[in-house]
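An overview of the molecular structure
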Amino acid sequence: MTGNGDLCEQWRRHLALDRRRSMHTVRAYVATAERLIAFLEEHRGEAVTATMLGGLEQADLRAFLTARRMDGIGNGSAARELSAVRGFLKFVGGEDARVPPLKGPRVKRGLPRPVSPDEAVALAEDIAETAREEWIGARDWAVLLLLYGAGLRIGEAMGLTGAVLPFGETLRVTGKRGKTRQVPLLPQVRQALERYVALCPFAVEKDAPLFRGARGGPLSPALIRRAVQGARGRLGLSDRTTPHALRHSFATHLLGRGADLRSLQELLGHASLSSTQIYTQVDAAHLLDVYRNAHPRA
């Protein structure tokens, strides 16, 4: 690996093909590598090579983060930037890579904000009713019910193909890093999916995307995000009402009804239990809100 372009391109291929990271993650991590290289060229006054990257000192990384801070990024973005830099340097240096130790900024992890069941249904209904064609309304309704009723990530829903047909009591989902899991399909969710397939004007073939755009191509997650944005404005819902918030609501409501963390971890496709444990805090926060709003002496 010699040229800067080669370094970044090989990093991109490694993330996309070997690590199976999402398109969004690949784009963000490669952009960080490009920023690091551009900074070092100016900071060191010479071309950046794999050898130079292997000899970076803690002061170099600290100077890079300081420059990024001056660009206006916060603690969370700085922490993600440092994580991406570490991954890039380990990739360039191979198994024996020496990455300078540098403690990242402390990030206070915010709690997910669940959407109430009524709000989730109202959101899906509004989007379906305002769709320009009946089949598009059925499609959007089915997608949102998958997020709220089965806890899918939006990328997981978009990744479904005609191979899932015919629908049964469970759905096989491919999540992050190619990990697959089985999620139960509630009757309402299954009915919504079947109605969409029946109305869809495009043949749903085994290897083709299940959810289609207006012209028959793969449905873009951006279209669903824009539809949710428009609906929450019409309904007066919080700006934090997003497609991913529906997945948070799925988890929070299951936990509130007695689901154990291990089962929830499997349903959500989390790699570690620590990712799932945040929902215990969400549930406690919800109970506190109920107490404050309902108790006469709160």
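Residues numbered from 1 in each chain as written. Predicted model: local features only at pLDDT ≥ 70, side-chain atom pairs only at ≥ 80, totals over all residues. Heavy atoms only, no water.

Some remarks on the pairing of strand E2 (residues 180–184)
Consecutive residues of a regular strand have side chains that alternate between opposite faces of the sheet. Residues Arg181 and Val183 line the buried face of E2, whereas the alternating positions Thr180, Gln182 and Pro184 sit on a face that is not buried. Here five bridges tie strand E1 (residues 170–174) to E2, and the two strands are oriented antiparallel to one another. Among the inter-strand pairings, Thr170 is bridged to a residue of E2, identified as Pro184. From the end of E1 to the start of E2, which pair antiparallel, there are five residues, and Arg177 there has a positive phi angle of about 60°. (Buried < 20%, exposed > 50% of the residue type's maximum accessible area, 1.4 Å probe, protein only. Helix = DSSP H or I, 4+ residues; strand = E, 2+ residues; numbered from the N terminus. Pairing = 2+ DSSP bridges.)

Overview of unusual backbone geometry
Here the bond from Leu165 into Pro166 is cis, since omega is -10°, no more than 30 degrees from zero. Take Pro166: it is sitting in the loop between helix H8 (154–158) and E1.

As for the packing of helix H6 (residues 117–129) against helix H7 (residues 134–150)
Orientation of H6 relative to H7, taken along the N-to-C sense of each, is 160°, at an axis distance of 8 Å. The orientation of H6 relative to H7 falls into the category roughly antiparallel. Pair H6 / H7 crosses with right-handed handedness. Residues Pro117, Ala120, Val121, Ala124, Glu125, Ile127 and Ala128 of H6 form the contact with H7, whose participating residues are Gly137, Asp140, Trp141, Leu144 and Tyr148. (Axes fitted to C-alpha atoms, helices over the stretch in contact; angles between N-to-C directions. Parallel < 35°, antiparallel > 145°, perpendicular 65-115°, else oblique. Left-handed = near helix turned anticlockwise from the far one by under 90°. Contact = heavy atoms within 4.5 Å.)

A word on the packing of aromatic side chains
Geometrically, a pair of aromatic rings is defined through the distance of the ring centres and the angle of the planes. Under the criterion given, the structure shown has six aromatic pairs. Arranged with centres 6.4 Å apart and planes meeting at 20°, the rings of Trp11 and Tyr29 form a pair that is stacked. With Trp11 in helix H1 (residues 4–18) and Tyr29 in helix H2 (residues 23–44), this residue pair connects regions lying 18 residues apart in the sequence. Given the relative accessible area of 2%, Trp11 is considered buried. What links up through ring pairs into an aromatic cluster is the set Trp11, Tyr29, Phe88 and Phe91. (Phe/Tyr/Trp six-rings, centres within 6.5 Å; stacked < 30°, edge-to-face > 60°.)

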